[in-house]
Amino acid sequence: NPDASRSALDATFYAPSQDGGSTVAPGRFALVIVMHGFGLTHQAYEGMSLHMASHGFVVLGLTLPFSLTSAHDKNADEAIAAIDFALSESAPEALRMHIDAEKIAAAGHSLGGKIAFYAAALDARIDLVIAWDPSNAGGPPCFIDAMACNGFPVAPNCLVMQPGIVQLLRAETLVFRAAADGANPEPAHNAI
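Treat the numbers as computed from the prediction; the structure is a model and nothing was measured. (Residues numbered from 1 in each chain as written. Predicted model: local features only at pLDDT ≥ 70, side-chain atom pairs only at ≥ 80, totals over all residues. Heavy atoms only, no water.)

Draft legend 1. How the structure looks around the overall build of the protein chain. When its secondary structure is counted, the protein chain shows 4 helices and 6 strands. Order of helices (α) and strands (β) in the protein chain, N terminus to C terminus: β-β-α-β-α-α-β-α-β-β. Classification of the 192 residues of the protein chain by burial places 46% in the buried group. Here the protein chain displays about 9400 Å² of accessible surface, and carbon together with sulfur accounts for 59% of that area. (Helix = DSSP H or I, 4+ residues; strand = E, 2+ residues; numbered from the N terminus. Buried < 20%, exposed > 50% of the residue type's maximum accessible area, 1.4 Å probe, protein only. Areas by Shrake-Rupley, 256 points an atom, 1.4 Å probe, with all protein chains shown as cover.)

Draft legend 2. Representation of the side chain of H36. Residue placement: H36 occurs in the loop between β2 (29–35) and α1 (46–54). There is a polar contact of 2.8 Å between the side chain of H36 and the backbone nitrogen of L64. The contacts of H36, once residues within four sequence positions are left out, are T41, H42, Y45, L62, T63, L64, H109, L111 and G112. (Polar contact = N/O pair within 3.5 Å; in protein donor to acceptor, adjacent residues only side chain to side chain. Contact = heavy atoms within 4.5 Å.)

Draft legend 3. Spotlight on helix α2 (residues 72–87). Taking 1.5 Å of rise per residue, the 16 residues of α2 would be expected to cover 22 Å, and the 23 Å separating its terminal C-alpha atoms lies within 8% of that figure. Among the residues of α2, those classed as buried are H72, N75, A76, E78, A79, I80, A82, I83 and A86. Elements in contact with the buried residues of α2: β1 (10–14), β2, β3 (57–63), β4 (99–109), α4 (111–122) and β5 (126–132). (Expected span 1.5 Å × (residues − 1).)

Draft legend 4. Main features of the packing of aromatic side chains. Throughout the structure, instances matching the rule amount to 2 aromatic pairs. Taking the centre distance of 6.3 Å and the plane angle of 5° together, the rings of Y45 and W132 count as stacked. Separated by 87 residues along the polypeptide, Y45 in the loop between β2 and α1 and W132 in strand β5 bring together distant segments of the chain. (Phe/Tyr/Trp six-rings, centres within 6.5 Å; stacked < 30°, edge-to-face > 60°.)

Draft legend 5. Representation of the nonpolar core. Counting 34 residues, the largest nonpolar core has L31, I33, M35, L62, F117, I126 and V129 as its most contacted members. For this core, the secondary-structure elements that each account for two or more residues are β2, β3, α2, β4, α4 and β5. The biggest single contributor to this core is α4, with 7 residues. Core analysis: the second largest hydrophobic core is formed by 11 residues, Y14, Y45, M52 and I130 among them. (Core = buried A, V, L, I, M, F, W, Y, C linked by side-chain atoms within 4.5 Å.)

Draft legend 6. Up close: the side chain of T63. In this fold, T63 is placed in strand β3. Residue classification places T63 among the buried residues on the basis of a relative accessible area of 11%. At 2.6 Å, the side chain of T63 forms a polar contact with the side chain of H42. Aside from chain neighbours lying at most four places away, what touches T63 is L9, D10, H36, T41, H42 and Q43.

Draft legend 7. Representation of α4 in the model. The end-to-end C-alpha distance of α4, which contains 12 residues, comes to 17 Å, matching closely the 16 Å that a straight helix rising 1.5 Å per residue would cover. In terms of residue burial, α4 counts as a mostly covered element, since 10 of its 12 residues are buried. Among all positions in α4, only L111, G112, G113, K114, I115, A116, F117, Y118, A119 and A120 are buried. Close packing links the buried residues of α4 with β2, α2, β4, β5 and β6 (172–176).

Draft legend 8. Broad picture of the environment of G21. In this structure, G21 sits in the loop between β1 and β2. Residue class for G21 comes out exposed when judged on its relative accessible area of 55%. On a C-alpha basis, the gap between G21 and S54 in space is 10.0 Å, while along the polypeptide they are 33 residues apart.

Draft legend 9. Representation of the packing of α2 against α4 within the structure. The contact between α2 and α4 brings their axes to 8 Å, and the two run at 70°. When the axes of α2 and α4 are compared, the pair comes out roughly perpendicular. Together, H72, N75, A76, D77, A79 and I80 of α2 and L111, K114, I115, Y118, A119 and L122 of α4 make up the contact between the two elements. In terms of residue class, the contact of α2 with α4 is built from 8 nonpolar, 2 polar and 2 charged. (Axes fitted to C-alpha atoms, helices over the stretch in contact; angles between N-to-C directions. Parallel < 35°, antiparallel > 145°, perpendicular 65-115°, else oblique. Nonpolar A, V, L, I, M, F, W, Y, C, P; charged D, E, K, R; others polar.)

Structure, rendered in structure tokens:
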């Protein structure tokens, strides 16, 4: 973790394999970093991570430190540090030689989707953002801090005339929308 005051990052690599997972398949593959929704861990998305790996992607499932306050800037830095690690000499050799550093995606659900957008705004290596019902609220879930809900949105938020972090992206984006949830009930705080 680049922030020594926060807990270490927990992550799991998933990779394409031709022998049931004993070894990584030959070749170089795009890297997808997968981040979880509020209060969850990357293990909750293992099915999706395994599915992506079976279709030719190296996946890094990343659990961000839990926080009841807005830590989006730190979370984005942590996601970028995880990508740095995956591309570094410190990464497991079985994976390091199989990652195509020119093809990096950040994916996430809810809070993780929002962090994927923030990381892509800060790191031009991320050229695709995949967000499953990303939160457009500014801080933690609105039921925790209603005053922070309209600050720093991902998409434009007309309620407070904020342009949204998406204005800073060079990455392609794909957003999947689900029904409104209780954590962010306002229409402006949910993906549309």
